Amino acid sequence: MSASKRLLYIANHRVFWTSIWRRKVTTWSPVGAAFNAKPLRRLDETVHFLPSQGLFGVPELNSPAGFEVATKKALKDTQELLDKVCSSPPGVVTVESFDQLSDGLCKVADLADFVKVAHPDPSFRDAAEKTCIEIGTVVEKLNTNVDLCRSLKNLLDEKKVLDQLDPETRKVAELFMFDFEISGIHLDEKQRKEAVKLHVQLLDLSNKFLMGSHLPNRIAKSAIPEHIHRHFATEGSYVQIGGLHAESSDDLVREIAYRIFLYPNADMMDCLDDLLKCRNKLAKLVGYESYAHRALQGTMAKTPGNMLPSLSTELMPWDPPYFSGVLRAERYNIEPSLYSPFFSLGSCMEGLNNLFTQLYGVSLNSEHPSAGEVWNEDVHKLDCHFTIRGGRQCQESGQYQLPVVVLMLSLPHPTKSAPTLLTPGMMENLFHEMGHAMHSMLGRTRYQHITGTRCSTDFAEVPSILMEFFAADYRVVNQFARHYQTGQPLPQNMVTRLCESKKVCGAADTQLQIFYSALDQIYHGEPQNRSTTDILKDTQQKFYGLPYIPNTAWQLRFGHLIGYGAKYYSYLMSRAVASMVWKQCFVKDPLNRDMGERYRREMLAHGGGKEPMLMVEGMLQRRPSIDDFVEALVSDLNPDFETFIMDSTS
């Protein structure tokens, strides 16, 4: 990653450092040493006297007011490009102008989308939120701009010109046209207005549902036993229950939390009903059989399909997380504190650097940020990554616009005597999120509209889940997991126990994901004249072994219905693909450079510029069947008796 500045933000760590931890370990690479250094609470004093470069190098963003300036500039450039594309003859310049127009808006919108949730200063967050709304409104108008659509349609309808386009350019043109079509551009004026109205309604309903799905429910203190009040937040004479408390060892706490947190809320029930009706109405208005058919266009799944049967069990719905945790702890002794000394943040970053060097021939370099490029306050962060700027070939300059990605993780602070130490789960999540980041960083698409993770949802998780397989392989882990004080490597039997522990209740976890996926598809299929709770009850009985609990409405807490509507199955499909890629291409040698190059060439390079199943076929050298997908998921649950016996005898 040495070719450009790529800002990696990991909770409470900045990419600027002073001294290294004075320990026996003195063999860290520059990357490992940098991330095991003590983070400064403020930038170097000399930086304060330099002119601000603006957040992420965007000159306008040296203050909250800069968002308005950046937005106005982006909208001005958009109008100029709009005039250009509408007046130019059909050809490759049409697609290039579309992508440049999209890039100008996305660079501001994506950055604002990140800042509104991550920046410590409320004024920056508010300004970013305003920018998101303003640019979002412009995008909706562009998606229903008849003249803009006509310029693209002229290109796609002119066979002689179309045949001269390279496959990637043609694919991008088709994707832009798809955006027009799902916005109702092909409808008459009255229907287009109806489509815009439905889009606005969906935005409002989605925001309302997301906010409501996270709000706590409350119950009078007198309604529950006094001795469990201490497990919940209190407000006057009420107890606030904001989650399932699934890890509690107290059966009654888990049951009460489940029943109260999932108790039906009439307003939320109406909101979900309106949301599903609105989605279905919009999908049918623009020509689809259902919202699920619309959502699966261009994915590996293609169309809504059948789901898998369920198993049976005697547990209650609030039991599995707790009991699976107990089983893991008792059977495998995977106490996180035993592992954390081997997973310092620096060692994990060094492991990623070594892995990428051996697989792809690229390396990670740390850089000091310019003045004003980042903020230096502690930031509360979520486990996700943000594409701040997509890569593309700039026709106006002839250079390649290098991507910028922000990686955010919730990690503990370093202490006076130790660097930041990760639990096994944190280490795995770091690898997972870095898989997303590398998908964006290694992609070299001509157009930013299809760069990196801007691909079908059921393919986007493949690179991140594949990285979890690398993080669980001792041949990879042994390259970096060593005690931050003694330098001793993590014993192989500890890695074995950790890997095997993940399979505890794995079948039940997979079954739960199947249930969620089936429910999501049914909700977004043909409308049914019954409540969402009745649908949930029947679906749970069919696809899940645990009973439905009367007077609960779990679907009102299913926030994924917003961002992953009709696409929740994507996680299972991506996991199946990642499993097949690992077992066929990397399990014999996880550091094989030839396979790394094939993976980069066949799966990482194209972003959304190639049909996802064709990328999978290119990597596996065959086209997987439905049975292959199922077998991949099931085989991951099989215990490794050989390594378990070896661990026991040692």
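Being a predicted model, the structure only gives us computed values, none of them experimental.

Calculation notes
Residues numbered from 1 in each chain as written. Predicted model: local features only at pLDDT ≥ 70, side-chain atom pairs only at ≥ 80, totals over all residues. Heavy atoms only, no water. Axes fitted to C-alpha atoms, helices over the stretch in contact; angles between N-to-C directions. Helix = DSSP H or I, 4+ residues; strand = E, 2+ residues; numbered from the N terminus. Left-handed = near helix turned anticlockwise from the far one by under 90°. Contact = heavy atoms within 4.5 Å. Nonpolar A, V, L, I, M, F, W, Y, C, P; charged D, E, K, R; others polar. Buried < 20%, exposed > 50% of the residue type's maximum accessible area, 1.4 Å probe, protein only. Pairing = 2+ DSSP bridges. Expected span 1.5 Å × (residues − 1). Bend = angle between axes of the 7 residues up to and from the residue. Salt bridge = Lys/Arg side-chain N within 4 Å of Asp/Glu carboxyl O. Parallel < 35°, antiparallel > 145°, perpendicular 65-115°, else oblique. Phe/Tyr/Trp six-rings, centres within 6.5 Å; stacked < 30°, edge-to-face > 60°. Lys NZ or Arg CZ within 6 Å of the ring centre and 35° of its normal. pLDDT = per-residue confidence, 0-100. Core = buried A, V, L, I, M, F, W, Y, C linked by side-chain atoms within 4.5 Å.

A. Structural detail: the packing of helix H23 (residues 570-586) against helix H24 (residues 593-604). Running from N to C, H23 and H24 cross one another at 145°; their axes reach a closest spacing of 11 Å. Regarding H23 and H24, the two cross each other, and that crossing is right-handed. On H24, the residues that touch Val 577, Val 581, Cys 585 and Phe 586 of H23 are Met 595, Gly 596, Arg 598, Tyr 599 and Met 603. Considered class by class, the residues forming the contact of H23 with H24 number seven nonpolar, one polar and one charged.

B. Quick peek at helix H19 (residues 492-501). Judged by how many residues are buried, H19 sits mostly within the fold: eight of ten residues are covered. What H19 keeps buried is the set Met 494, Val 495, Thr 496, Arg 497, Leu 498, Cys 499, Glu 500 and Ser 501.

C. Main features of the environment of Asn 143. By the element assignment, Asn 143 lies in the loop between helix H4 (122-142) and helix H5 (146-157). Measuring from C-alpha to C-alpha, the distance between Asn 143 and Phe 176 comes to 9.0 Å, with 33 residues separating the pair along the chain.

D. Spotlight on the sheet that holds strand S4 (residues 233-235). The strand order S3-S5-S4 describes an open sheet built from three strands, whose pairing is antiparallel. At either end of the open sheet lies a strand with only one pairing partner, and these are strand S3 (217-220) and S4. For this sheet the average axis-to-axis angle between neighbouring strands, irrespective of direction, equals 35°. Pairing of S4 with strand S5 (residues 238-241), which is carried by three bridges, proceeds in the antiparallel orientation. Within the sheet, the bridge partner assigned to Ala 233 lies in S5 and is Gln 240.

E. How the structure looks around the side chain of Asn 143. In this structure Asn 143 comes out as buried when scored by relative accessible area, which is 19%. In this view, Asn 143 contacts Asp 179, Phe 180, Ser 183 and Ile 185; residues no more than four positions away in its chain are not counted.

F. Region of interest: helix H3 (residues 92-118). Given a rise of 1.5 Å per residue, 27 residues ought to cover 39 Å, and the 38 Å separating the end C-alpha atoms of H3 matches this to within 8%. Along its length, H3 reaches its greatest deviation from straightness, about 30°, at Cys 106.

G. Structural detail: the pattern of salt bridges. All told, the structure shown has 36 salt bridges when counted by the stated rule. Put simply, Lys 171 and Glu 611 hold a salt bridge, and the shortest N to O gap is 2.7 Å. Taken together, the residues span a long stretch of sequence, with Lys 171 in helix H7 (residues 167-182) and Glu 611 in the loop between H24 and helix H25 (612-620) at a distance of 440 residues. Accessibility expressed as a relative area gives 13% for Lys 171, which makes it buried. According to the relative accessible area criterion, Glu 611 is partly exposed, its value standing at 27%.

H. Region of the structure containing the packing of H3 against H7. Contact geometry of H3 with H7 gives a least axis separation of 10 Å together with a crossing angle of 60°. With respect to H7, the axis of H3 lies oblique. The hand of the H3/H7 crossing is left-handed. Within the contact between the two elements, H3 uses Val 92, Val 95, Phe 98, Asp 99 and Ser 102 and H7 uses Thr 169, Val 172, Ala 173, Phe 176 and Phe 180.

I. Fine view of the environment of Gly 563. Counting through the fold element by element, Gly 563 comes out in helix H22 (residues 560-563). Residues Gly 563 and Leu 210 lie 353 residues apart in sequence; the distance between their C-alpha atoms is 9.5 Å.

J. Quick look at the pairing of S5. The sheet contact formed by S3 and S5 spans four bridges and is antiparallel. Directly across from Arg 218, in S5, lies its bridge partner Gln 240. Counting the residues between successive antiparallel strands, the hairpin from S4 to S5 contains two residues, one of them, Gly 236, with a positive phi of roughly 65°.

K. Examining the packing of aromatic side chains more closely. Per the stated rule, a full pass over the model turns up 21 aromatic pairs. Their ring planes at 40° and their centres at 4.6 Å tell us that Trp 554 and Phe 558 sit as a pair that is tilted. Across the pair, exposure class does not vary: Trp 554 and Phe 558 are buried alike. Each member of the aromatic cluster is reached from another via a ring pair, and the members are Phe 515, Tyr 516, Tyr 544, Trp 554, Phe 558 and Tyr 568. One Lys or Arg, Arg 218, reaches over the ring of Tyr 238 and ends 3.8 Å from the middle of that ring. For the cation-ring pair, Arg 557 lies above Phe 261, with the distance from its terminal atom to the ring centre recorded as 3.6 Å.

L. Region of interest: unusual backbone geometry. The phi angle at Phe 56 is positive, at roughly 55°, despite the residue not being glycine. Mapped onto the secondary structure, Phe 56 falls in the loop between strand S2 (37-39) and helix H2 (66-87). Of note in the backbone geometry, His 245 takes a positive phi value of approximately 50° without being a glycine. Considering the arrangement of structural elements, one finds His 245 in the loop between S5 and helix H9 (251-261). For His 245, a relative accessible area of 29% corresponds to the partly exposed category.

M. Up close: the confidence of the model for the chain. Per-residue confidence for the chain gives a mean pLDDT of 86; residues scoring 70 or more make up 88%. Counted against residues more than four places away or in other chains, residues 41-47, with its pLDDT under 50, gives ten contacts.

N. How the structure looks around the nonpolar core. Counting residues in hydrophobic clusters, the biggest one holds 134 residues, and the most contacted among them are Phe 343 and Phe 586. Per element, the largest residue contribution to this core is ten residues, and it comes from H23. Apart from the residues within four sequence positions on either side, Phe 343 is in contact with Cys 348, Thr 420, Leu 421, Leu 422, Thr 423, Pro 424, Met 427, Val 477, Phe 480, Ala 481 and Leu 490. Listed in part, the 28 residues of the second largest apolar core include Leu 81, Ala 109, Cys 149 and Val 161.

O. Fine view of the environment of Gln 399. With respect to the secondary-structure elements, Gln 399 resides in the loop between strand S7 (392-393) and strand S8 (400-401). Here Gln 399 falls in the exposed class, since its relative accessible area comes to 56%. Excluding residues within four positions of it along the chain, Gln 399 makes contact with Arg 392, Gln 393 and Cys 394.

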